[in-house]
Amino acid sequence: MVQSPSNQPAPFDAIRLSLQAREILERLDASGGIGNDDVFYRWLGTIGLAVASSHLVDLLDRLEREALVTSEMVERIRVLRLTRRGQEVVRGVEAVEWIAPPEPRA
């Protein structure tokens, strides 16, 4: 059986992306709402959610388009700031379909 091409990402890739986005938002929240792309690139690799640098750029752009973060370039570093909407997603007040929900607290 031949599968037809689809615009939908493979399930594994979609899960990985949702967890990468969740992790970025949660780390921003835990660090006072500010961070940078280099730290996230290294952090995601450390926790088993490695991402190619070009895919990280795409992910950060998407988070910014969704108004979950803002960013600015400082020399060669992209500095990220968590928005109010981003905080609401971190806390589970608002859901974004493509981002993993927060883990239930014990």
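All chains use their own residue numbering, which begins from 1 and follows the written sequence. Given that the model is predicted, a residue must reach a pLDDT of at least 70 before its local features are reported, and side-chain atom pairs must reach 80 or more before they are shown or counted; all residues, however, enter totals for whole chains, interfaces and linings. Side-chain descriptors were evaluated using all non-hydrogen atoms of the structure, hydrogens and water having been removed beforehand.

## Focus: the pattern of salt bridges
Step number 1: The salt bridge definition used is simple: a Lys or Arg side-chain nitrogen within 4 Å of an Asp or Glu carboxyl oxygen. Using the criterion set out here, one finds 9 salt bridges in the structure.
Step number 2: Measuring nitrogen to oxygen at the nearest pair gives 2.8 Å for the salt bridge that ties Arg27 to Glu23. Highlighted residues: Arg27 and Glu23, both in helix 1 (residues 11-30), separated by 4 residues, approximately one helical turn.
Step number 3: Its salt-bridge partner being Glu64, residue Arg78 comes within 3.1 Å of it at the nearest N-O pair. Here Arg78, found in strand 3 (residues 77-82), pairs with Glu64, found in helix 3 (residues 53-65); they are 14 residues apart in sequence, far enough to count as distant.
Step number 4: Remark: exposure states derive from per-residue accessible area (1.4 Å probe, protein chains only) relative to the maximum for the residue type, with buried under 20%, exposed over 50%, and partly exposed in between. Residue classification places Glu64 among the partly exposed residues on the basis of a relative accessible area of 29%.
Step number 5: Residues participating in the shared-partner salt-bridge network are Asp61, Glu64 and Arg78. Numbering of helices and strands runs from the N terminus, with a helix taken as a DSSP run of H or I at least four residues long and a strand as a DSSP run of E at least two residues long.

## What about the side chain of Thr83?
Step number 1: By secondary structure assignment, the location of Thr83 is in the loop between strand 3 and helix 4 (84-91).
Step number 2: Polar contacts, as counted here, are pairs of nitrogen or oxygen atoms within 3.5 Å of one another; within protein the pair requires one atom able to donate a hydrogen and one able to accept it, and residues that are adjacent in sequence qualify only if both atoms are side-chain atoms. Separated by 2.6 Å, the side chain of Thr83 and the backbone oxygen of Ala67 make a polar contact.
Step number 3: Only heavy atoms enter the contact rule, under which two residues are in contact if any of them lie within 4.5 Å. Not counting residues within four places of it along the chain, the set of residues in contact with Thr83 comprises Ala67, Leu68, Val69 and Thr70.

## Some words on the packing of helix 2 (residues 37-46) against helix 3
Step number 1: Inter-axis angles, ranging from 0 to 180 degrees, are taken between N-to-C directions of lines fitted to C-alpha atoms, where helices are fitted over the stretch in contact. Orientation of helix 2 relative to helix 3, taken along the N-to-C sense of each, is 120°, at an axis distance of 11 Å. On the basis of their axis angle, the class for helix 2 and helix 3 is oblique. For the pair helix 2 and helix 3, the sense of crossing is right-handed. Judged by residue contacts, Asp37, Tyr41 and Leu44 of helix 2 engage Ser53, Leu56 and Leu60 from helix 3.
Step number 2: Tallied by class, residues from the contact of helix 2 with helix 3 come to 4 nonpolar, 1 polar and 1 charged. For classification purposes, angles smaller than 35 degrees are called roughly parallel, those larger than 145 roughly antiparallel, those between 65 and 115 roughly perpendicular, and all remaining angles oblique. Throughout, a crossing is termed right-handed when the near helix is turned clockwise from the far one, and left-handed when it is turned anticlockwise from it by less than a right angle. Note on residue categories: nonpolar means Ala, Val, Leu, Ile, Met, Phe, Trp, Tyr, Cys or Pro, charged means Asp, Glu, Lys or Arg, and polar means any other residue, Gly included.

## Some words on the packing of aromatic side chains
Step number 1: Think of it this way: a Phe, Tyr or Trp ring, Trp meaning its six-membered ring, pairs with another when their centres are within 6.5 Å, and the plane angle makes it stacked under 30 degrees, edge-to-face over 60, tilted otherwise. Summed over all chains, the structure comprises 0 aromatic pairs.
Step number 2: Ring-over charges, as used throughout, are those where CZ of Arg or NZ of Lys falls within 6 Å of the ring centre and within 35 degrees of the ring normal. In this structure, Arg62 is placed above the aromatic ring of Trp98, and the distance from its NZ or CZ to the ring centre is 3.9 Å.

## Here's the deal with the pairing of strand 3
Step number 1: Pairing of strand 1 (residues 34-36) with strand 3, which is carried by 3 bridges, proceeds in the antiparallel orientation. By the bridge assignment for strand 3, Ile34 is matched with Arg81.
Step number 2: Only strands that DSSP links by at least two bridges are regarded as paired with each other. Note that strand 2 (residues 69-74) and strand 3 share 6 bridges and pair antiparallel. Within the sheet, the bridge partner assigned to Val74 lies in strand 3 and is Ile77.

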